[in-house]
Amino acid sequence: MSEDKKSLNFLEQIIEEDLNNGLDQSKLRFRFPPEPNGYLHIGHTKAIGISFGLGEKYNAPVNLRFDDTNPAKEEQEYVDAIKEDISWLGYQWANELYSSDYFQILFDWAVQLIKDGKAYVDSQSSEAMAEQKGTPTQPGVDGPFRNRSVEENLDLFMRMKNGEFDEGEHILRAKIDMQHTNMLMRDPLMYRILKKSHHRTGDTWCIYPMYDWTHGESDYIEQISHSLCSLEFKPHRELYDWFKEQVYDYSKSEYPMQPKQREFARLNLSYTIMSKRKLLQLVEDGIVNGWDDPRMPTISGLRRRGFTPNSIRKFVETVGVAKRENIIDYALLEFCIREDLNKKAPRVMAVLDPLKVVITNYPEDKEEWFEAENNQEDASAGFRKVPFSKEIYIEKADFKEEAGSKFFRLKLGGEVRLKNAYIIKADSVVKDSKGNVTEVHCTYSEDTERRIKGTLHWVSIKHAVNAQVREYDRLFLDEAPDSHEDKSFMDFINPNSLKTITAFVEPSLKDAKVGEQFQFQRLGYFNVDNDATSQALVFNKTVGLRDSWAKQKPKNNTQNNQQKQPQQNNRPAIEQIKSYGKKYDRMKPEQQDKAKAEIQALAKDVAYQDLEPLFGTSVKKTGTRVITMITLGVLLDNGLDKTEAIDDFINKALEDKSELLVNEAKAINK
């Protein structure tokens, strides 16, 4: 297999095979089809990245189509927000389309299906229909209206359209097979009565097509070559194809190409939720301050918090395209924004928890302006001037009256360097009535060439600008808050997810504009919030300079906490993966889930030639063989062809005594 072939993910391989089998590249066409019933979230960025990424790779058009078939939940606000988010991410769609554009042709095709005996009007209650549908292990049974005459079905369907019936009185169903092994094929709904105004068609219609009927036919009308969706739609593929094949007979001269549906694993992120219904509940219950609250996983929330398009696209690229579901550690998303902002965010000084320092030997009326480098990672960023005076603020945590030899910040009798300024020595303190230090009195030295271990950031009190700073933590305390059968996701809300403080920043930030991003030196990355005005600065903390979340996890997660985030480790990915093997089979289930997600994230950077030697691992080293199997699964998902060595490794694992290893081998061998 060529190197180019190896680099293709499985979706790209499908497209390449279709091109090799005669599909004209000019016929390639993709789409992103959001339902306008909420704001896009981080989970959607994978679907966006896949479709628009393939469009860029193959120079093919990508449609933005709103699947607006449910007027009860859809609003123009969501349409506008979705368009803004996609544009902000840097993608451009070829055509802006709506499923509602096709309401008439969908209706006409439904009439034709009735005439052909492939659809009928059912007049039962939803409870009766559900009972007749059966279960995954028991076949359904035909309802009393399944064999209505074509004439009666046409009459009822037209009267449904004309508004003669109330909601719930009748529905239109496809007539397929009530005993089908796939429950979705047991006479699925096609139309229901909804007497609600539509955000685009107004009151023209009072019957609306169901998603399964609309989605595939919209793809067909637009001549989409590859309809790409997440894994939960895999069981729907059979129905997608059935509907498509029926209408193809009616319109093949006008629409000659039939779309192909293929599925990929969706993006699941730890410590958050992806359900738009649940996100809406957070908004409506006042847990957050709107869809763009910086704690929300929505794209608008991430944007407001300070995440960049480049960091999100890099995150999606790093996660990759896979066939199996897994949970991605939130720390990977934070790593991507750190990497991006480190290259371009100007460095400035700000004090969030101030302690007054008085430099006793500095003249009362003197002030100096020192030159400070804006970004050592960017030579073109230049320099700025920062003021210095007799009284400054430092962070409270940067001073201790007494401290050990490993405390390199300010302590009584000790010296530190002030960033871009002088060296100071702490001589004495002033305390309040409760014994708290309120001032530190220091002397300064102009001999700045001396080697001093500690360097502190600071701001001049007389020049400092007041600013509100909003520090954010994870919105949920549980890695998978909506995965508990006996608890609501609301039970895991972090009561300390937002902390608002008054800080002091250097005067260069006085005119900072909404959206501008900075590194507050030694503290983290911050951006100017939408609420900021020319009179009142407001900053959001985007992310800290390093991952501090691991230190806060419960003690029963100590195993995971000790494992450094894979993306921040300089060792080769295969070596990091090997380190999990020593204890993987002895971890608790929740620790294994966490480790597995991290292994899968690392596996994208592993070459097969580095993995194959692990196939000969001793039978006693179960953990190493398991992590090898997990890594192999990612490589196969991403397009690696099976070899004799791979088949042999999998077959031996299937016969192993370890249930853990057998399950991983079965997952690959599906």
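Residues numbered from 1 in each chain as written. Predicted model: local features only at pLDDT ≥ 70, side-chain atom pairs only at ≥ 80, totals over all residues. Heavy atoms only, no water.

## Here's the deal with the sheet that holds strand β2 (residues 62-66)
Next up, step 1: Pairing within the open sheet is parallel, and its 3 strands lie in the order β1-β2-β3. Looking at which strands have only one partner, the edges of the open sheet turn out to be β1 (30-32) and β3 (95-98). Sheet twist, expressed as the average angle between the axes of neighbouring strands with direction ignored, equals 35°.
Next up, step 2: Relative to β3, β2 runs parallel, the two sharing 4 bridges. Bridge pairing in β3 links F66 to Y98. (Pairing = 2+ DSSP bridges. Helix = DSSP H or I, 4+ residues; strand = E, 2+ residues; numbered from the N terminus. Axes fitted to C-alpha atoms, helices over the stretch in contact; angles between N-to-C directions.)

## Looking at the side chain of N540
Next up, step 1: Among the structural elements, N540 can be located in strand β29 (residues 537-544).
Next up, step 2: Judged by relative accessible area, which is 0%, N540 ranks as buried.
Next up, step 3: Excluding its chain neighbours within four sequence positions, the residues that come into contact with N540 are P294, R304, R305, R470, Y472, Y525, F526, N527 and D529. (Buried < 20%, exposed > 50% of the residue type's maximum accessible area, 1.4 Å probe, protein only. Contact = heavy atoms within 4.5 Å.)

## Side note on the nonpolar core
Next up, step 1: By size, the foremost hydrophobic cluster in this structure holds 51 residues, and its most contacted members are I48, I86, L269 and F315.
Next up, step 2: Going through the elements one at a time, α2 (10-20), β1, α3 (42-58), β2, α4 (76-88), α11 (299-305), α12 (309-319) and α13 (330-344) are the ones with two or more residues in this core.
Next up, step 3: With near-sequence residues (within four places) excluded, F315 lies in contact with I42, L267, L269, I328, L332, L333 and C336.
Next up, step 4: Of all hydrophobic cores here, the second largest spans 35 residues; its members include Y102, V121, L172 and I193. (Core = buried A, V, L, I, M, F, W, Y, C linked by side-chain atoms within 4.5 Å.)

## With respect to empty space enclosed by the protein
Next up, step 1: Scanning all chains against the criterion turns up 5 cavities of 30 Å³ or more.
Next up, step 2: Put simply, the largest cavity is a space of about 130 Å³.
Next up, step 3: Surrounding the largest cavity, 16 residues form its lining, Y271, R295, Y330, R474 and L475 being those nearest its centre.
Next up, step 4: Of all the elements in the fold, those that place two or more residues in the lining of the largest cavity are α11 and α13.
Next up, step 5: The leading source of residues in the lining of the largest cavity is α13, at 3 residues.
Next up, step 6: Looking at side-chain class alone, the lining of the largest cavity contains 10 nonpolar, 1 polar and 5 charged residues. (1 Å grid on protein atoms, 1.4 Å probe; cavity = no way out; pocket = protein on both sides within 12 Å on 5 of 7 lines; lining within 4 Å. Points joined across faces, edges and corners; volume = space filled by probe spheres on them. Nonpolar A, V, L, I, M, F, W, Y, C, P; charged D, E, K, R; others polar.)

## Some words on the sheet that holds strand β20 (residues 415-418)
Next up, step 1: Here 7 strands make up an open sheet; going across it, the order is β23-β20-β21-β22-β14-β17-β24 and the pairing mixed. The two strands at the open ends of the sheet, each matched to only one other strand, are β23 (455-456) and β24 (459-460).
Next up, step 2: Of the strand pairs in this sheet, β20 and strand β21 (residues 423-431) are connected by 3 bridges, and their pairing is antiparallel. Note that in β21 the partner of E415 across the bridge is K425.

## Concerning the UniProt feature "domain: Glutamyl/glutaminyl-tRNA synthetase class Ib catalytic" (unreviewed entry) in the protein chain
Next up, step 1: The UniProt record marks residues 27-342 with the feature "domain: Glutamyl/glutaminyl-tRNA synthetase class Ib catalytic" (unreviewed entry), using the residue numbering of this structure.
Next up, step 2: In this annotation, residues 27-342 is assigned 41% helix and 13% strand; the end-to-end C-alpha distance for the span is 42 Å. (UniProt positions renumbered as here; feature names shortened; annotations may be inferred.)

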